[in-house]
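Architecture at a glance
Here is how the chains run, residue by residue.
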Amino acid sequence: MAEDSSRAFVKDVKRIVIKVGTAVVTRNDGRLALGRLGALCEQIKELNSQGYEIILVSSGAVGLGRQRLRYRRLVNSSFADLQKPQVELDGKACAAVGQNSLMALYDTLFSELDISSAQLLVTDSDFRDRDFRKQLNETVKSLLSLKVIPIFNENDAVSTRKAPYEDSSGIFWDNDSLAALLALELKADLLVLLSDVEGLYSGPPSDPKSKLIHTYVKEKHQGEITFGDKSRVGRGGMTAKVKAAVNAAYAGIPVVITSGSAPENIIRVLQGQRIGTLFHQDAHLWEPTKEVGAREMAVAARDSSRRLQALSSQERKKILLDIADALEANEKLITVENEADVAAAQQAGYEKSLISRLALKPGKIASLAKSIRVLANMEDPIGRVLKKTQLADGLILEKTSSPLGVLLIVFESRPDALVQIASLAIRSGNGLLLKGGKEAKRSNAILHKVITEAIPDIVGGKVIGLVTSRDEIPDLLKLDDVIDLVIPRGSNKLVSQIKSSTKIPVLGHADGICHVYVDKSANMDMAKRVVLDAKIDYPAACNAMETLLVHKDLVTNGALNELIVDLRIQGVTLYGGPRASLLLNIPQARSFHHEYNSMECTVEIVDDVAAAIDHIHHHGSAHTDCIITEDQETAEIFLHQVDSAAVFHNASTRFCDGARFGLGAEVGISTSRIHARGPVGVEGLLTTRWILKGSGQVVDGDKGVTYTHKDIPINS
């Protein structure tokens, strides 16, 4: 697990106070939890051997003593005695008996690990004595120098506290506050409070809506948290722990509340892992700036986009050129963050196809910068006059290109998509909200930072908003009055979920099930090149071939076998339709409607071009489909009858790409039939506006207007 930046303080930790709660020491039935205690002692042994100074504060004596005395009383009571009302056992007697048993157990466990331990019992009144405090420090210092583990507990047996389970008026009032006091008195570098839950939650841990708070910020959380019940045993529970943790943290001692049941949690804390809840006096500095709400972010993007549209064509061009320069200047930093994402994805066990899309390979930043410069040097798409009409004498109507407004793009895996989309949005004058996948979190964050810092203040970086929380998406999808278009780039599941969750128009494709049909008249050398490129150039892309359709005549003349052999040599795993699987002795495909995104594909044999077209219409996704044939008439049939966003003749499906189409970049590929289809570049992000120029004309029931409706040259 990666080290969290807020956990960097662990590098300077040497002396640690560890407080073990009663709920950790004992089981639900009141008996000692020997397994947990053994694991705890093993952790302390490991830390001791690494040079850490460990001071233990252990609860559990009263509960353990009560359990033992109850058992003794039961054994020694007559039947008649048991019929009498039972008097509650004296707490101080329980403490005395339990402390003896608890320390005997610790001594045994530590002795097995070749560690010595020492018992130190203290009372609230002891700390009022300055000489006592001085002696305490000297004794602990001596014990730690000898690698002995000091084990503290309040001496409840002789405590003068009037109500030891409720009175919180003293210097300390339970073992949580004692641990905090000792951490300060003994100048510890860290206080760890072990509990029976993972840490501090926003509500009762049993409530599924409660969330673990990784870093406690007093100003934010003290009024928001609803505490659950007091601990099932002991005095405090989470309320007491938080109070003690806040006191220690704001006095300069970092505190972590975490589970005493999870294996090696203390070691994991000291490795800098994001375990439990951290309390630190600088926590408010680590807390991210208050997240902008969904509506606020969308409105800011719209306002900034209007300022962007108001700039001259040259000013918008310069912004893009500055972004290209900034990306190249920060390539090393971007690569570091991207490599961290890739490493985390590999460690998490993500599929190879996702990791392939996630990685910014060498030369990718330079390629992206080049694409942005191409986009910058294209004709300005905003405000172009598309049509000019004379409605009447002196009344001229112009149909002009205009930005859509605010776009919400939800994409998975590919951080390069963020760069392409952002550059297209700026070129087309649109505001933009981006939500990338969590697997590319660091890459997206650094790319967004580099791009927005290159945008001048006159527009503002808010023209491109980066949505960091998945929880924001449902709120954004409700903003049909502010957001004009949603473009999802990702899995079928993602696209389907978004389409069913919003009234905002959605542009995109759910699947990229692309076909290559090799006709009987195909040039086989060409067919091999095209088929191999369509499959292996970039198998994870949505425009990669997923199904190979072959004319039946190529079976008998051996051409099919040549194609199959070439694919297998390149490492492609083949699955067959009913005809191909039987003939080629390959596993049958689970479904013809399947996008592999990997070095796998489906093969099927068809009777003719009509059968190939029928197969594509039944099982395809209307993305990109190709025919390889030397028969021009057959090619024309395929090109005009296949109802897909892109249809090719004798060319790899991999050409279906915004940059390759000369669009500069693409915001995505659309398989819908409304607005834009295929690779969506700048023009797909534009709509139209009507501009009417007159000289005082009025309608007045059309009495005084003679309509000519005459088309006139655009440049006139």
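So, a few notes on the structure that sits alongside this text. Quick caveat: nothing in here was measured; it's all calculated off a predicted structure.

Some details on the pattern of salt bridges
Evaluated as defined, the whole model comprises 26 salt bridges. A salt bridge links Glu-398 to Lys-388, with the nearest nitrogen and oxygen atoms 3.8 Å apart. Of the two residues, Glu-398 sits in strand β10 (residues 395–403) while Lys-388 sits in strand β9 (residues 385–392), which places them 10 residues apart along the sequence. Grouping residues by exposure puts Glu-398 and Lys-388 together as buried. Look at the salt bridges and you will find they share partners, linking Lys-14, Arg-15 and Glu-53 into a network.

Description of the environment of Gln-347
With respect to the helices, strands and loops of the structure, Gln-347 is situated in helix α14 (residues 331–347). What makes Gln-347 exposed here is its relative accessible area of 62%.

Regarding helix α26 (residues 632–641)
Those residues of α26 that sit buried are Thr-634, Ala-635 and Phe-638. Buried positions in α26, seen along its axis, are confined to an arc of 100 degrees and lie on one side of it. Turned more than 90 degrees away from the buried face of α26, the exposed residues are Glu-633 and His-640. Against the buried residues of α26 lie β15 (514–518), α25 (609–619), β19 (624–628) and β20 (646–649). Looking at where α26 begins, the residue whose side-chain oxygen comes 3.0 Å from the main-chain nitrogen of Glu-633 is Asp-631.

Looking at the sheet that holds strand β23 (residues 686–693)
For sheets, the rule is that strands pair by backbone hydrogen bonds, running either parallel or antiparallel. An order of β23-β10-β9-β24 is seen for the four strands of this open sheet, with the pairing classed as antiparallel. The outermost strands of the open sheet, each flanked by one partner alone, are β23 and β24 (707–711). Recorded for the sheet is a direction-independent mean angle of 25 degrees between the axes of neighbouring strands.

Re the side chain of Ser-58
Its place among the elements puts Ser-58 in strand β2 (residues 53–58). In this structure the side chain of Ser-58 is engaged in a polar contact, spanning 2.7 Å, whose partner is the side chain of Tyr-106. Each residue touching Ser-58, except ones within four places of it in the same chain, is listed here: Val-20, Val-25, Leu-102, Tyr-106, Ile-151, Phe-152, Asn-153 and Asn-175.

Notes on the packing of helix α13 (residues 313–329) against helix α16 (residues 364–376)
Running from amino to carboxyl end, α13 crosses α16 at an angle of 170 degrees, the nearest separation of the two axes being 9 Å. Classified by the interaxial angle, the pair formed by α13 and α16 is roughly antiparallel. Here Lys-317, Leu-320, Leu-321, Ile-323, Ala-324, Asp-325, Leu-327 and Glu-328 of α13 lie close against α16, whose contacting residues are Ile-365, Ala-366, Ala-369, Ile-372, Arg-373, Leu-375 and Ala-376. Classifying every residue of the contact of α13 with α16 by side-chain character gives 11 nonpolar, no polar and four charged.

What about the packing of helix α21 (residues 524–536) against helix α23 (residues 559–569)?
One way to put it is that α21 packs onto α23 with a least axis distance of 10 Å and a crossing angle of 35 degrees. Crossing of α21 against α23: the hand is right-handed. Touching Met-524, Ala-527, Lys-528, Val-531, Leu-532 and Lys-535 of α21 are Ala-559, Glu-562, Leu-563, Asp-566 and Leu-567, all from α23. A class-by-class count of the residues in the contact of α21 with α23 yields seven nonpolar, no polar and four charged.

Here we look at the packing of aromatic side chains
Tallying each qualifying case throughout the model produces six aromatic pairs. Between the aromatic rings of Tyr-517 and Phe-638, the centroid separation amounts to 6.4 Å while the plane-to-plane angle is 20 degrees, which identifies the pairing as stacked. Linking Tyr-517 in strand β15 with Phe-638 in helix α26, this pair joins segments that are 121 residues apart in sequence. As far as the burial class goes, Tyr-517 and Phe-638 line up, both buried.

Reading guide: rules and limits
Residues numbered from 1 in each chain as written. Predicted model: local features only at pLDDT ≥ 70, side-chain atom pairs only at ≥ 80, totals over all residues. Heavy atoms only, no water. Salt bridge = Lys/Arg side-chain N within 4 Å of Asp/Glu carboxyl O. Helix = DSSP H or I, 4+ residues; strand = E, 2+ residues; numbered from the N terminus. Buried < 20%, exposed > 50% of the residue type's maximum accessible area, 1.4 Å probe, protein only. Arc of directions from axis to C-beta. Contact = heavy atoms within 4.5 Å. Polar contact = N/O pair within 3.5 Å; in protein donor to acceptor, adjacent residues only side chain to side chain. Pairing = 2+ DSSP bridges. Axes fitted to C-alpha atoms, helices over the stretch in contact; angles between N-to-C directions. Parallel < 35°, antiparallel > 145°, perpendicular 65-115°, else oblique. Nonpolar A, V, L, I, M, F, W, Y, C, P; charged D, E, K, R; others polar. Left-handed = near helix turned anticlockwise from the far one by under 90°. Phe/Tyr/Trp six-rings, centres within 6.5 Å; stacked < 30°, edge-to-face > 60°.

Keep in mind these numbers describe shape, not what the thing actually does.
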